[in-house]
Structure formats: C-alpha cells, structure tokens
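A closer look at the structure
Listed below, chain by chain, are the residues.
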Amino acid sequence: MFENLKAYLTQQGFKYIKPEKAGPLAEEMIALKTLGQSARAEFTEIAKMLALKVAPFEMIRVSNWANQAQVARPHFWCYYKQPEDSQDDVGLAIRLYGNSADFGISVEVSFIERKKSKATLAKQHKVLDIPIAEPLYYFSQEKGESHRVSGTEAYRQMLRQKVASGRVRKVLVKYDIPILEGLDLVTLTDQLAHGFDKLLPYYRAANS
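Calculation notes
- Residues numbered from 1 in each chain as written.
- Predicted model: local features only at pLDDT ≥ 70, side-chain atom pairs only at ≥ 80, totals over all residues.
- Heavy atoms only, no water.
- Axes fitted to C-alpha atoms, helices over the stretch in contact; angles between N-to-C directions.
- Helix = DSSP H or I, 4+ residues; strand = E, 2+ residues; numbered from the N terminus.
- Parallel < 35°, antiparallel > 145°, perpendicular 65-115°, else oblique.
- Left-handed = near helix turned anticlockwise from the far one by under 90°.
- Contact = heavy atoms within 4.5 Å.
- Nonpolar A, V, L, I, M, F, W, Y, C, P; charged D, E, K, R; others polar.
- Expected span 1.5 Å × (residues − 1).
- Pairing = 2+ DSSP bridges.
- Core = buried A, V, L, I, M, F, W, Y, C linked by side-chain atoms within 4.5 Å.
- Buried < 20%, exposed > 50% of the residue type's maximum accessible area, 1.4 Å probe, protein only.

If you look the protein up in an unreviewed UniProt entry, it shows as Sakacin A production response regulator from Streptococcus troglodytae.

Structure follows, in structure tokens:
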C-alpha cells in the first residue's frame, strides 16, 4: 500500500519541464508527472475516506503534486473545515511527512495561509491556551524557519512567551501516524480519525 506516495517522496525539489520543451529529458518528465499524479490520487483516496469518518468536517481540495514554479512537492496536504467555519478560521489538516525510508501522515491544527485574515494568527495562537501532552507536539515558525517542539508544559509556556514577544509567528499542534509495512487504508484512516479526536480541543480553542 501507498507505494506511489513512497516513490514520489524521492522526487522532492525536482523541476518539471513540459516534455515538448525538455529535449532528452522528455521521458523523465513524463515519468515525473505520471508519478506525481498517481501519488496525489493515492493521497486523495486517503483524504476522501477520512472525510467519511470525521463528519461534520468536510475536506477541501488536496494540494497539487508540484508548486507554481513546477517543482515537485511530495508532501501533500488537505484541510478540513466544518460548514459553519469562516474562510479565515483555523481548521484541521492532514499532511504527508518524511522521506521514502521513514514517512507518515500528520494531523494538525493550522490554517490556509492564502485565506488568512488579520485575525487568523491570533486565533491560531489560542492553541497555546490549553495544556498539551506527548505524543502531541508543536511546530513553531520563528524567523521564517519551522521547528518541531516537544508537547510539554515547559515548552508550551516558552512558546507563549515567544508569541507574546513576537519572536514566534505561528504555532501548530500536530500528531503523527507513521506508515508502516502492511498498514492498510481502513486502519490508516481510523488512526487519522483518532488524531482528529485528539486535536479537537485545540481546534475548538482556536475558533472560540
């Protein structure tokens, strides 16, 4: 299972050129596009099955296999929101992480950057208002770089101070599900739905 996702993780950062403009690399570009589309379809299947298990959350579209610069972007994501949520509210999302030797899907409380408003970051910061415990963890953005931060009370207080001082721009709360040999679609989406349950208090706090 999930062989296309695993294979496409090796293509991170490769530049896609239209085959008709790629010269001797034409076949390589066709293969890259085919693999990217197949991997995206695999991730979309996961996202759709998960949507059936986390209602009333509804899935938004899955990210593309390449970015606007046509560079391979294997770490697909998909956001989920409830019908009453506004465009700039914080949502729940799933995101592929890792490399072909060690990968999985994380569930996170976060927001879509291009749809944020002036209020969105303040909403996101509310995830720090409630306690946390591992295996949940934070993903903080400081000086344009993202860092994994353990889900402990000491780090929660540290991040609250950094947010208050403006040193940290945003903080996500995340939960990882490793994709191990033999993991099937039903079990994976059950585990992802469990991740939604674990993160619901942070989603609710953010949008309260």
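With that settled, consider the packing of helix α2 (residues 26–53) against helix α5 (residues 185–207). In the contact formed by α2 and α5, the axes pass within 9 Å of each other and the chain directions differ by 55 degrees. As summarised for this structure, α2 and α5 are arranged oblique, according to the angle between their axes. As for how α2 packs across α5, the hand of that crossing is right-handed. Seen from α2, the contacting residues are Glu-45, Ile-46, Met-49, Leu-50 and Lys-53; seen from α5, they are Leu-185, Val-186, Leu-188, Thr-189, Asp-190, Leu-192, Ala-193 and Phe-196. Looking at the contact of α2 with α5 residue by residue, the class counts come to nine nonpolar, one polar and three charged.

So, about helix α4 (residues 153–165). Think of an α-helix as turning once every 3.6 residues; residues three or four places apart then point the same way. With 13 residues, α4 should reach 18 Å at 1.5 Å per residue; the first-to-last C-alpha distance of 19 Å fits that figure. Looking at the packing, one finds that the buried side of α4 touches α3 (120–125), β5 (137–142), β6 (145–150) and β7 (168–178). Positive backbone phi, at 85 degrees, marks Gly-166, one or two positions downstream of α4.

Strands sit in the order β1-β2-β3-β4-β7-β5-β6 across an open sheet of seven strands; the sheet is antiparallel. One side of each edge strand has no neighbouring strand; the edge strands of this open sheet are β1 (58–62) and β6. Between one strand axis and the next, the sheet turns by 30 degrees as a mean value, whatever way the strands run. On top of the sheet, α2 reaches β1, β2 (77–81), β3 (91–99) and β4 (102–110); it is set at about 170 degrees to β1, its chief contact. Against the sheet, α4 contacts β5, β6 and β7, and its axis sits at roughly 150 degrees relative to β7.

Right, let's get into the nonpolar core. Inside soluble globular proteins, nonpolar side chains tend to come together where they are buried. Counting residues in each nonpolar core, the largest one holds 57 residues, and the members touching the most others are Tyr-80 and Ile-94. Listing elements by their share of this core, those giving two or more residues are α1 (3–8), α2, β2, β3, β4, α4, β7 and α5. By residue number, the principal contributor to this core is α5, which donates 10 residues. Among residues more than four places away in sequence, those in contact with Ile-94 are Phe-43, Ala-47, Leu-50, Phe-76, Trp-77, Cys-78, Tyr-80, Ile-105, Ser-106, Val-107, Leu-192 and Phe-196.

What follows is about the pairing of β2. Among the five residues in β2, four count as buried, and that is most of the element. Inspection of the sheet shows β1 paired to β2 by three bridges, in the antiparallel sense. By the bridge assignment for β2, Glu-58 is matched with Lys-81. Pairing between β2 and β3: four bridges, direction antiparallel. Note on β3: the bridge partner recorded for Cys-78 is Ile-94.

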